[in-house]
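Structure at a glance
What follows is the residue order along each chain.
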Amino acid sequence: MKKTFLAIVLVISSLCLVNAQQKPVRAKALCGPYVQCVSETGFTVIWTTDMDAIAWVEVAPNDGTHFYNKERDKYYDARGNGVFPIGKIHKVVVEGLEPGTTYRYRIMNKGVTAYNGSGNVEYTKGSGTDVHRGSAFEITTLKKDYETLRFDIFNDIHGKDSLFRTILAGARDNRDFVFLNGDMTSNISKEELIASMYLNSAAKSLNGGVPMFASRGNHELRGRDAIKWLDYFSTPTGTPYYSFSFGKFFFIVLDACEDKPDSDIEYSGIVASRPYVQRQSRWLKEVLASEECKNAEVRIVFCHVPPETNGWYGAAQMCELLVEPLNEADIDAMFCGHIHRWRVAKPDGSISNANFPVICNPNMQRMEVTATNKSIQISTFDTNGKNTNNHTITLK
Ligand SMILES: [Fe+2]
């Protein structure tokens, strides 16, 4: 009898121990934070956690006080429209800030261990950026104007993360933003690949402070979780095509979608690029007619696929639906990738109908751009840091 009782106690104790060991103590940040949609008055912070969590961002001025000096302003993930979203990807919009001003921030999580049917939620302990030793992230809102703008472009990394880290390491400290111009992975068979194949590395390099913008490459339409690509990015339109400004510099980000006809056997019947690019074309015409675009001094376009009149379907479709409207808008340059080599297509009709230069960055190289209202200087650097190409566009 005594033995049976002891055995039962031992079994219950070990079960409790296993349960205690399995229950997560805190949510851990896995990827990020990285910053998107930076404007003169705000920014969006994105990061992922290893378990479902609710999340928020605390913001402090860069005034020399300790982060713990007082209660800091809190911004919550507002995608639930009044209810905190519970998930592993967190997007928090911080707004109401001053232009050209540096702020400190930290990300915070509370892991969700149970969400009962009645609506009762159980949490882990809270966790977040350790600001005890002053290691909050720093971000500067956009200034009202820029004389010179510096940005780096990466494309066609195709999941070669270690090489990506190598070219990221060569970047300038004073860059104003970084642009990921598509095909950063070869497919998205599972969404975890987005972080492990490039986004972790990009986020670490940018240290939560350098703004990141991105376009979608044709390979990012492939794979079972390709539909989730936009979950990891934030754009002003909520679509892969959008526009943004840095003072007098106006940028348009386009998405040429897939490169072969929609009915191609490789797409297994799930691609309908034509109506998508047609919708994008209508949006583009509205953007080009906006005061923001018309009043800009420099207009630059990003698109993973370069336009080619006699090229593959996606590149030829671009000429018809996207380049024709752009030709009415005094565009200064378009930056592309996709062809895995350096190419400057002058506006002479030989490659496309574009009346502006189209510059392709090779795969696995960092393109460094320095723009003013007089010129756009372009250089590329390979994985050894060697300067491989240079080109200057003189503006009117
Ligand atoms: Fe591509």
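Anything mentioned here points back to the structure above.
Residues numbered from 1 in each chain as written. Predicted model: local features only at pLDDT ≥ 70, side-chain atom pairs only at ≥ 80, totals over all residues. Heavy atoms only, no water.

Some details on the overall build of the protein chain
Counting its regular elements, the protein chain contains six helices and 19 strands. Taking 21 Å as the expected radius of gyration for a compact globule of 396 residues, we find that the protein chain reaches 24 Å, a close match to that expectation. With the C-alpha coordinates of the protein chain rotated into their principal frame, the extents come out at 95 × 55 × 45 Å. Residues counted as buried form 53% of the 396 residues belonging to the protein chain. Sequence-distant contacts in the protein chain: of pairs separated by 6 or more residues, those separated by 24 or more amount to 69%. Looking at the protein chain as shown, the accessible area adds up to about 18,500 Å², and 51% of this sits on carbon and sulfur atoms. A gap of 7 Å separates the mean positions of the 44 positive and 45 negative side-chain charges of the protein chain. (Helix = DSSP H or I, 4+ residues; strand = E, 2+ residues; numbered from the N terminus. Rg over C-alpha atoms; globule rule 2.2 N^0.38 Å. Buried < 20%, exposed > 50% of the residue type's maximum accessible area, 1.4 Å probe, protein only. Contact = heavy atoms within 4.5 Å. Areas by Shrake-Rupley, 256 points an atom, 1.4 Å probe, with all protein chains shown as cover. Lys, Arg positive; Asp, Glu negative; His and termini not counted. Charge placed at Lys NZ, Arg CZ, Asp CG, Glu CD.)

As for the side chain of Arg104
Relative to the assigned elements, Arg104 resides in strand β5 (residues 102-115). Residue Arg104 is classed as buried on the basis of its relative accessible area of 10%.

Regarding the coordination of the iron ion
Within the first shell, the iron ion binds the protein through Asp183 (OD), Asn218 (OD1), His304 (NE2) and His338 (ND1), at distances of 2.1 to 2.3 Å. Geometry at the iron ion is irregular, judged from the four donor atoms that bind it and their angles of 89 to 175 degrees at the metal. Here the donor residues for the iron ion map to a single chain with the spacing D-x34-N-x85-H-x33-H. Here Asn218, found in the loop between β10 (212-215) and β11 (242-246), pairs with His304, found in the loop between β13 (298-303) and α6 (313-326); they are 86 residues apart in sequence, far enough to count as distant. Both residues of the pair, Asn218 and His304, belong to the buried class. (Donors = N, O, S within 2.8 Å, 3.2 Å for Na, K, Ca; no water. Tetrahedral: all angles 85-135°; square planar, octahedral: opposite > 155°, others 65-115°.)

Describing α6
Over its 14 residues, α6 runs 19 Å from end to end, which matches the ideal 20 Å to within 8%, given 1.5 Å per residue. Its axis deflected by about 40 degrees at Cys319, α6 carries its strongest bend there. In terms of burial, α6 is largely enclosed, as ten of its 14 residues are buried. Of the residues making up α6, those classed as buried are Gly314, Ala315, Gln317, Met318, Cys319, Leu321, Leu322, Val323, Pro325 and Leu326. For α6, the secondary structure elements touched by its buried residues are β12 (249-254), α4 (273-288), β13 and β14 (333-336). (Expected span 1.5 Å × (residues − 1). Bend = angle between axes of the 7 residues up to and from the residue.)

A word on the packing of aromatic side chains
Inspection of the entire model under this criterion finds 26 aromatic pairs. Seen from their ring centres, Trp56 and Tyr76 are 6.1 Å apart, and the 40 degrees between their planes marks the pair as tilted. Of the two residues, Trp56 sits in strand β2 (residues 43-61) while Tyr76 sits in strand β3 (residues 73-76), which places them 20 residues apart along the sequence. Relative accessible area serves as the criterion here: at 11%, Trp56 is assigned to the buried category. Here the aromatic rings of Tyr76 and Phe84 are separated by 4.9 Å at their centres, their planes lie at 20 degrees, and the arrangement is stacked. Judged by relative accessible area, Phe84 falls into the partly exposed class, the value being 39%. Joined through ring pairs, the aromatic side chains of Tyr146, Phe151, Phe177, Phe179, Phe213, Tyr242, Phe244, Phe246, Phe251, Phe302 and Phe335 make up one cluster. Its guanidinium or amino end placed over the ring of Phe67, Arg72 lies 5.8 Å from that ring's centre, counting from NZ or CZ. One cation-aromatic arrangement involves Lys110 over Tyr123; the distance from NZ or CZ to the ring centre is 4.3 Å. (Phe/Tyr/Trp six-rings, centres within 6.5 Å; stacked < 30°, edge-to-face > 60°. Lys NZ or Arg CZ within 6 Å of the ring centre and 35° of its normal.)

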